[in-house]
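Spelled out, the chains give:
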Amino acid sequence: MRVHTDMDTCLSLEYGHREELPDGQVNEVRTPDALVARFLREFTEAGDRVIDIFAGFGTTLIVAERLDRVPFGVEYEADRVAHIESRLSTPTHVRHGSVLDLEPSWFPPCECCFTSPPFMTRTMNENPFENYTGRSTYEQYLTDIETAFARLDAVVAPGGHVIIDVANVKHDGTVTPLAWDIADTVSNVFDFEGEVVITWDGDGSPISRDGRFGYGYDHTYCHVFRKSTL
């Protein structure tokens with residue numbers, strides 16, 4: 001675990017992905033590799049264990065292994081688990097299931113979690129924790145977020161860091177302060193250390209002609225939390 005003092009409060013990185021999306025996937029929902037790599041280099045060392053509790057298509061796990069960290073993950077969708085397994089040298093380190101059911105026995109203590117929860121807006125009623133197939137409310141979503149990170153707490157080593165990649169969302173004329181609501185909610189579990197504003201450069205950036213991304217803003221946030229050593 002890397003001893004950390006100060007962090008940048010704003011970063012501009014080149015947008016892109018080294019891995020292709022699986023066949024049939026057309027919507028790019030992954031965190032860019034450069035962002036994961038930047039935070040893993042800052043908060044971990046070679047040999048540290050890194051977990052992603054919303055593993056998705058495995059970006060965090062694949063980047064962690066590339067940087068000589070030991071990856072672990074949880075993913076709700078079985079086809080995504082299979083995709084991750086095909087790209088790791090440690091395929092048994094990814095678990096098919098819901099983070100809401102996470103048990104301490106699933107994983108060894110991890111020095112860092114880098115994750116991006118599924119997004120939700122105040123006007124939605126689909127359940128992000130069931131890949132938008134079930135029903136939910138924004139209030140229930142935030143309750144589930146707290147439950148998820150409370151479950152994660154059992155596998156984060158004392159002094160370990162939790163980094164959450166998230167954005168506020170502007171959709172159909174309504175603003176959902178998702179990033180701030182998640183920061184407030186997760187602060188009930190881990191100690192909040194600060195936020196980093198992320199902007200993107202490069203030809204591959206998904207920014208639209210009006211200077212905004214699909215979620216309505218030209219930036220995202222990485223919230224940094226730490227597990228107490230007490």
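These notes cover the structure that comes with them.

Reading guide: rules and limits
Residues numbered from 1 in each chain as written. Predicted model: local features only at pLDDT ≥ 70, side-chain atom pairs only at ≥ 80, totals over all residues. Heavy atoms only, no water. Helix = DSSP H or I, 4+ residues; strand = E, 2+ residues; numbered from the N terminus. Buried < 20%, exposed > 50% of the residue type's maximum accessible area, 1.4 Å probe, protein only. Core = buried A, V, L, I, M, F, W, Y, C linked by side-chain atoms within 4.5 Å. Contact = heavy atoms within 4.5 Å. Salt bridge = Lys/Arg side-chain N within 4 Å of Asp/Glu carboxyl O. 1 Å grid on protein atoms, 1.4 Å probe; cavity = no way out; pocket = protein on both sides within 12 Å on 5 of 7 lines; lining within 4 Å. Points joined across faces, edges and corners; volume = space filled by probe spheres on them. Nonpolar A, V, L, I, M, F, W, Y, C, P; charged D, E, K, R; others polar.

### Here's the deal with unusual backbone geometry
In most cases, non-glycine residues show a negative phi, while peptide bonds are predominantly trans.
Working step 1: Of note in this structure, Asp68 is not a glycine but carries a positive phi near 70°.
Working step 2: Among the secondary structure elements, Asp68 is positioned in the loop between α2 (59–66) and β3 (70–75).
Working step 3: When its relative accessible area of 57% is taken as the criterion, Asp68 is described as exposed.
Working step 4: Phi angles above zero are rare outside glycine, and Asn131 is one such case at about 55°.
Working step 5: With respect to the secondary-structure elements, Asn131 resides in the loop between β5 (110–115) and α4 (138–153).

### Details of the nonpolar core
Working step 1: Ranked by internal contacts, the top residues of the largest apolar core, which has 37 residues, are Ile51, Tyr141, Phe149, Leu152, Val162 and Ile182.
Working step 2: When contributions to this core are tallied by element, the ones reaching two or more residues are β3, β5, α4, β6 (156–166), α5 (178–186) and β10 (220–226).
Working step 3: The biggest single contributor to this core is α4, with 7 residues.
Working step 4: Residues within four places of Val162 in sequence aside, it is in contact with Cys113, Phe149, Leu152, Val156, Phe190, His223, Val224 and Phe225.
Working step 5: Core analysis: the next-biggest nonpolar cluster, separate from the first, contains 21 residues, Leu40, Ala64, Cys112 and Cys222 among them.

### Description of the pattern of salt bridges
Working step 1: In the structure shown here, the tally under the stated rule is 5 salt bridges.
Working step 2: Between Glu111 and Arg49 there is a salt bridge; the shortest N-O distance is 3.5 Å. In this pair, Glu111 sits in strand β5 while Arg49 sits in strand β2 (residues 49–52), placing the two residues 62 residues apart along the sequence.
Working step 3: Note on Arg49: relative accessible area 26%, which makes it partly exposed.
Working step 4: In this structure, Lys227 and Asp153 form a salt bridge, with 3.6 Å as the shortest nitrogen-oxygen distance. Residue Lys227 is located in the segment after β10, and its partner Asp153 is located in helix α4; the two are separated by 74 residues in the primary sequence.
Working step 5: Here Lys227 falls in the buried class, since its relative accessible area comes to 18%.
Working step 6: On the basis of relative accessible area, Asp153 is assigned to the partly exposed category, the value being 24%.

### Quick notes on empty space enclosed by the protein
Where empty space is left in the structure can be found by rolling a water-sized probe over the atoms.
Working step 1: Overall, the coordinates contain 2 cavities of 30 Å³ or more when judged by the stated rule.
Working step 2: Space inside the largest cavity adds up to approximately 50 Å³.
Working step 3: If you trace the largest cavity, you find it lined by Glu19, Arg30, Asp33, Phe57, Thr59 and Ile62.
Working step 4: Of the residues contributing to the lining of the largest cavity, the split by class is 2 nonpolar, 1 polar and 3 charged.
Working step 5: Space inside the second largest cavity adds up to approximately 40 Å³.

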